[in-house]
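Chain by chain, the residues run as shown.
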Amino acid sequence: MSVFVKKLVEKASLKKHAGFSDNLKTEDLHPYLVFHYGIPSGSILLAYDSIQQIFAISTKDGQIKLFGKDGSQALLESSETIPSKFLLFIENQGILLNVNVKNHIEVWDLDRKFLSAIHHFEREITSFAAIRTGPYMYVGDSGGDVSVLRLHQDQCRIELMKYRIPFSASHGMINEVGSDIAAKVILPQPTAETKRVLIIYSDGVITLWSIEESKVVCTNSSGTALQAIYQEAKKVTSACWACLDGNKVAVGYSNGDIFLWNIPCPSESKPEQNFQVTPIYKLNLGYKADKIPIAKLKWADADGKSSRLYVLGCSDSHSANMLQVVLLNEQTENRTIKLGLHLSESLIDMEITTSSIGQDKHRRDSLILLGRSNNVFTYDDSSIERYLVQCQTKSSPSLPKGETIKLPYGDSTITVTKFITSTPCMPFSSDEEFNMVEKYGLPLFPFEKRLVKDGSNSNSTAFVPFSKASNLFITGHSSGAINFWDASRPLLLPLASITQQSDNDISVSGVPLTALFFSYESHVLVSGDQSGTVRIYTLKSEAFAPQTSFLSFQGSTKKGSNHIVRKIKAVKVNGSVLSINATENLKHLAVGSDKGYVSLIDPEGPNILYQKHFASELCTGIISMHFETCSFHGFEKNVIIVATKDSSLSALDKDTGNSLSSAIVRPNKPSTALFTRILDGNDISINSDNSVQKQTSLLLCSEKAVYVYSLSHLVQGVKKVVHKKKFTSSCYWASTFGSPDIGLILLFSSGKIEIRSLPELSLVKESSIRLLTFSTFRLSDIIVSSSNDGELIIVNADKEVLFVSTLLHNEAYRLLETVSQVVNKDLIGDQGLIYSPSTKEKKKGIFSSVMKDNKSIKSRNGLDFENEDSRLSVEELSAIFSAVNFPIDSETSEKNTRNEDDVDLGIDDIDIEDPKEKPRVGYSAMAGLNRLNISNKFQAIKGKIKNAKVKNDKMPVTDEPHEEKTGAVDQIKKKYGYATSGESGVANTAKAKLSENLKKLQGINMKTTEMQDTARSFSSMAKEVLRFAEKEKGT
């Protein structure tokens, strides 16, 4: 059986890499981001779907990262690289709404990871909210108006409804308003979200609005309630409900004040009773003393006894009391019990998440905090609650402990990596694959940890067998540890961990690793650290052999996995190790240091055979060394080609360490060197006798340019540039791929990826990946490693990992679709949106779920859904929102009359026909406004008629109102050449036709606007479909 296994390994190792051909072709290349793991750079906003348990983070450049259950992750990219200002889930529907700074509302289908609709809102959006039980959204703008939008998911569009809440009808203090009248916060009332909505304006006015009646239910704009708290200038900055039934709201202000307001709800028996929004009490948390605005408020329910209000202050500078949690109960007014969470940086957002862990589905709530420097912190919310409850008894409880979210790949930061793909492995089924991820997967967030029956963490001690890994990823850490990972899928699974310093010492050194060399065939691993220590590990061959039922390497699940090491040897060199290379037979090692020393080591001793120092005026670090045999003055010579950080190239005699030439080859304008490679026989020259000769050359890539030098000239100290290419932007990483090398991969700080042919350096493919635009963090934190297959793994400090592929048809990773599926479709079917579609709707979209009992579901802040018996149906709500409750020109007609007296009188200035009967929706509010509007119109018309009378017009105008109106109508008709009320029926027909045409023109105008929005949405959708089709074609 051992012979069979040996042949199997040899066959797998000789297998040609998929996707490669002899020549580099454009159609074979497609650089793209395969998968993103971790916290994206430039994060600014958080959102959470409490039913689907999907956590979202949006970034400054238009990206949205999603975290689902069981470790699934997905990345969404908007077409525009601009920040978000509102991020909101339509819960349990797989829909995410994103509002960017250009006031574009994006609708994301999370199941397909597809941008399904874009709506361009014409005004500055200052608040945004969605109704849970219907496809409707409220949009507040800077002018104080609130609009209603409807999402038609099946048609991929957003419709602006006719219903609106104008500032003049809802604010109540029109004559006393200042410059800032924005609708700052919109909160649908929890137990009556289809009936009432709370609107809070920047100037402090709080209004509860009746949707069906289209009028104000209660407000604080009348009386002395508002004036009592507004003794100094301040604006509303945040608000949230502070109870289950929606009769208490917490409001934060720009000067640091926090008030709790009572929101009285109307009684069914006394709907006309007048109510006042009144302040309950003020919370003194210390924000006002430092003038820190309240950036965000969030309330969590705990049966009333330990309900909590989370308060986030907004400040560019770090403050000790930036985030506080205060207990809200019947004792709060007399005694404030609070907890200040002291973090290492200022915060910009917070969210509360819910997860179920263990086989008993134990619920765990977590507080997630986002810092300005992109750090994410998390606290167990139960520990916060426990602390506050214990403080009521005047005991001294222990403070809750938070964690900083970091990559779960070791206890310390990754400092150096190696990536090997297409390693020999035994095939296994999809079920085995799923079981491996479930058993060995490492959680990013603490609340993702799975518990087994004994209560221990199922992810903490398990290691995957080496025989299961088709891709191998090796990481060296700042602690000195070395970890092996199964990178067959983008969720890395642990294979082994080495912490040994010597045969007798298994503890970590604590010195950061700076270089790695690994030979898969020989199972030899060499590491170098910051102190100059070089360790040579000989690993047990049986650990890498494919396992069968007859041959199995025991002990692969032991914690620590130092058992894979057969022996260790160590040697010390001068300076921190920067580069390591070895001869093909591993008889000699070359080690380069940051002090300019090249050391040749015999690994059997280990002994240092010699050290050679390279002095440089610019930079002495040795970035690479290559062993090569070449012709030197007619003789074959074993040489070592040495490259330093300043792009200088030298050749040493391998046997003696002496320089072959005193001359050093370097570019005319040196820059920091990134990468070197020997290109074996890739360059072709024609001799004088027309014979073809292949030449060995050396590739040097720096930040500013890439060069191909003739190796035979270089060893003699002669600079002969065969090919050269200057860069227009700064390059920060380079490597070759293929065996032999057929292409060069270049990464630029602008996010651009170039693939060039070798040795000609012709541009074959150029692409751009937004996440590779490293403008928000330091390039020194970026660690890139690549494989011969053109696969890249990019690690950004301890925050994120990017998996990038360069080949179109290369499938290096398994389970991609599974690990990026964040939506649970079965859950949507069980607890979908609880309303039925209109009978007029023929298509079934994502909002066409059947009504089901959902009383047991609560959102993340504990707010209950509306009682089903009192809820308005979708048909009723649709009828209300589809009707015009306030004429669009009712607020501007009087202003136009005053400012445009010199304009000629037109037929559109009055309503010729009797107004049609309006729907019952909002009748009481509309009637008053309509009467006022009609009266103002006729008064204006009366004045205009007097000024516009011509000399030969002798028709008298009486003082009787009815005759005055009739005469005015007849005058206008005559002026425009139409028949009066007493003339023939033909003229009446013409009048009706004119009125119909005017209505058609208005309809065309509205339809044009709608078609423009639809066209934009379809354009964006077409781009997404094209991108999706290209991806499908690639797979």
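What this report covers is the structure whose coordinates are included nearby. None of these values were measured; they are calculated from a predicted model. (Residues numbered from 1 in each chain as written. Predicted model: local features only at pLDDT ≥ 70, side-chain atom pairs only at ≥ 80, totals over all residues. Heavy atoms only, no water.)

Let's shift gears to helix 9 (residues 874-882). Among all positions in helix 9, only Val874, Leu877, Ser878, Ile880 and Phe881 are buried. Viewed along the axis of helix 9, the buried residues span an arc of 160 degrees, placing them on a single side of the element. For helix 9, the secondary structure elements touched by its buried residues are strand 11 (136-141), strand 12 (146-152) and strand 13 (157-165). (Buried < 20%, exposed > 50% of the residue type's maximum accessible area, 1.4 Å probe, protein only. Helix = DSSP H or I, 4+ residues; strand = E, 2+ residues; numbered from the N terminus. Arc of directions from axis to C-beta. Contact = heavy atoms within 4.5 Å.)

Read across the sheet, 4 strands follow the order 23-24-25-26 without closing on themselves; strand pairing throughout is antiparallel. Edge positions in the open sheet fall to strand 23 (294-300) and strand 26 (338-341), since each of these has one partner strand only. If you compare each strand with its neighbour and ignore which way they point, the axes differ by 20 degrees on average. When strand 24 (residues 307-313) meets strand 25 (residues 323-328), the two strands line up antiparallel, connected through 6 bridges. Directly across from Leu312, in strand 25, lies its bridge partner Leu323. (Pairing = 2+ DSSP bridges. Axes fitted to C-alpha atoms, helices over the stretch in contact; angles between N-to-C directions.)

The next subject is the packing of aromatic side chains. Under the definition given, this model contains 21 aromatic pairs. Plain terms: the ring middles of Tyr163 and Phe881 are 5.2 Å apart, the flat faces sit at 70 degrees to each other, and that makes the pair edge-to-face. Residue Tyr163 is located in strand 13, and its partner Phe881 is located in helix 9; the two are separated by 718 residues in the primary sequence. In terms of burial, Tyr163 and Phe881 fall into one category: buried. Through a chain of ring-to-ring contacts, the aromatic side chains of Tyr136, Tyr138, Tyr163 and Phe881 assemble into a single cluster. (Phe/Tyr/Trp six-rings, centres within 6.5 Å; stacked < 30°, edge-to-face > 60°.)

Let us now look at helix 5 (residues 430-440). Buried within helix 5 we find Glu433, Met436, Val437 and Tyr440. Taken around the axis of helix 5, the buried residues stretch over an arc of 100 degrees, which confines them to a single face. Opposite the buried face of helix 5, at more than 90 degrees from it, the exposed residues are Asp431 and Asn435. At its buried positions, helix 5 is contacted by strand 33 (482-486) and strand 34 (493-498).

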